[in-house]
Every structure is written in C-alpha cells, then in structure tokens.
Amino acid sequence: MKKHTVVICTGTLCHVLGGSELPSLGQSLPEAWRDLVNIKGSPCMGYCKDGAMQPPFVEVNGELIQEASVSKVLDCLEKHIAHGTKEK
Ligand code: FES
C-alpha cells in the first residue's frame, strides 16, 4: 500500500528557525493515520537558500509547507488523506 510521505527538513537553519518541534510529529498523528503516513527526515532541502521563503520547511507528498508547524503539517495531511493523493 502506498503511503503519504512527509519529509521534514532537519537542516540547521530549519531546525534553528522553529523546526525543532517537528520530529515529534509522529507522536501527534491520530491513531487512524499511523499506517497511512511515512515520516522521513532530510538534510537541507535547499529551500532556505531562497530568501523569499520562510523556514522551517516540510513536504507532504511533494507539496511544500513553509513556516511549518505540527498543526500546519497535520492540516495539510488531512487534505491529502481526504483526497487520496499519494506520492507517485
Ligand atoms: S535547512 Fe531546511 S531547507 Fe535548508
């Protein structure tokens, strides 16, 4: 079964600028989603090099979330789960 993929940037800038709470995302997932979602960490994804974008960064099935927080990621995941979009 294909899963929804969440990629959390664990690069220094994202971590320092608010991403430190993101690794706890796994514990915040509703029970029913645990089998549907795959959470990965990634070294710097390069977005922080674009001064116009706001870290920390997370991708949900390739969709970029700026200024990511646990609640923003959960909202985005909810949308993806509702629409059944998954990474190809
Ligand atoms: S440190 Fe996160 S995109 Fe560069």
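The paragraphs below set out a description of the structure included in this document. Model, not experiment: these values are computed from the prediction.

A few points about the pairing of strand S1 (residues 4-9)
Consecutive side chains along a regular strand alternate between the two faces of the sheet.
Argument step 1. Most of S1 sits out of view: six of its six residues are buried.
Argument step 2. Taking every second residue as pointing to the same face, both faces of S1 are buried, with His4, Val6 and Ile8 on one and Thr5, Val7 and Cys9 on the other.
Argument step 3. Here S1 runs beside strand S2 (residues 37-42); their pairing, made up of six bridges, is parallel. Note that in S2 the partner of His4 across the bridge is Val37.
Argument step 4. Where S1 meets strand S3 (residues 58-60), three bridges bridge the pair, whose relative direction is antiparallel.

Some details on unusual backbone geometry
Argument step 1. Residues Pro55 and Pro56 are joined by a peptide bond in cis, for which omega reads -5°.
Argument step 2. Positionally, Pro56 belongs in the loop between S2 and S3.
Argument step 3. At Asn61, a residue that is not glycine, the phi angle is positive and equals roughly 50°.
Argument step 4. Tracing the sequence through the fold places Asn61 in the loop between S3 and strand S4 (63-65).

Considerations on the environment of Asn61
Argument step 1. For Asn61, a relative accessible area of 14% translates into the label buried.
Argument step 2. Placed 54 residues apart in sequence, Asn61 and Val7 show a C-alpha to C-alpha distance of 8.2 Å.

Regarding the nonpolar core
Argument step 1. In this structure, Val6, Leu25, Val58, Val60, Val73 and Leu77 are the most contacted members of the largest nonpolar core, which totals 16 residues.
Argument step 2. Going through the elements one at a time, S1, S3 and helix H3 (70-83) are the ones with two or more residues in this core.
Argument step 3. Broken down by element, the residue count for this core peaks at five residues, all from H3.
Argument step 4. When residues no more than four places from it in sequence are discounted, the contact partners of Val60 are Thr5, Val6, Ile65, Val73, Cys76, Leu77 and His80.

A closer look at a nonpolar patch on the surface
Argument step 1. Together, Leu13, Val16 and Leu17 give the surface a local cluster of nonpolar side chains, amounting to about 270 Å² of exposed area.
Argument step 2. Locating Leu17 in the fold gives a position in the loop between helix H1 (12-16) and helix H2 (25-28).

Quick look at the sheet that holds S3
Argument step 1. Taken in spatial order, the four strands of this open sheet run S2-S1-S3-S4, and their pairing is mixed. Two strands close off the open sheet at either side, each with one partner strand: S2 and S4. Strand-to-strand, the axes of this sheet are offset by a mean angle of 20°, without reference to chain direction.
Argument step 2. Running at roughly 160° to S4, H3 makes contact with S1, S2, S3 and S4 of the sheet.

Topic: the environment of Arg34
Argument step 1. Looking at the secondary structure, you find Arg34 in the loop between H2 and S2.
Argument step 2. With a relative accessible area of 35%, Arg34 lands in the partly exposed category.
Argument step 3. With 10 residues separating them in the primary sequence, Arg34 and Cys44 have C-alpha atoms 25 Å apart.
Argument step 4. Each residue touching Arg34, except ones within four places of it in the same chain, is listed here: Gly26, Gln27 and Leu29.

Criteria and thresholds
Residues numbered from 1 in each chain as written. Predicted model: local features only at pLDDT ≥ 70, side-chain atom pairs only at ≥ 80, totals over all residues. Heavy atoms only, no water. Buried < 20%, exposed > 50% of the residue type's maximum accessible area, 1.4 Å probe, protein only. Helix = DSSP H or I, 4+ residues; strand = E, 2+ residues; numbered from the N terminus. Pairing = 2+ DSSP bridges. Core = buried A, V, L, I, M, F, W, Y, C linked by side-chain atoms within 4.5 Å. Contact = heavy atoms within 4.5 Å. Patch = residues over 30% accessible without salt bridge, like charges linked within 9 Å, V, L, I, M, F, W, Y side chains within 5 Å. Areas by Shrake-Rupley, 256 points an atom, 1.4 Å probe, with all protein chains shown as cover. Salt bridge = Lys/Arg side-chain N within 4 Å of Asp/Glu carboxyl O. Axes fitted to C-alpha atoms, helices over the stretch in contact; angles between N-to-C directions.

This is a description of form; function is not addressed.
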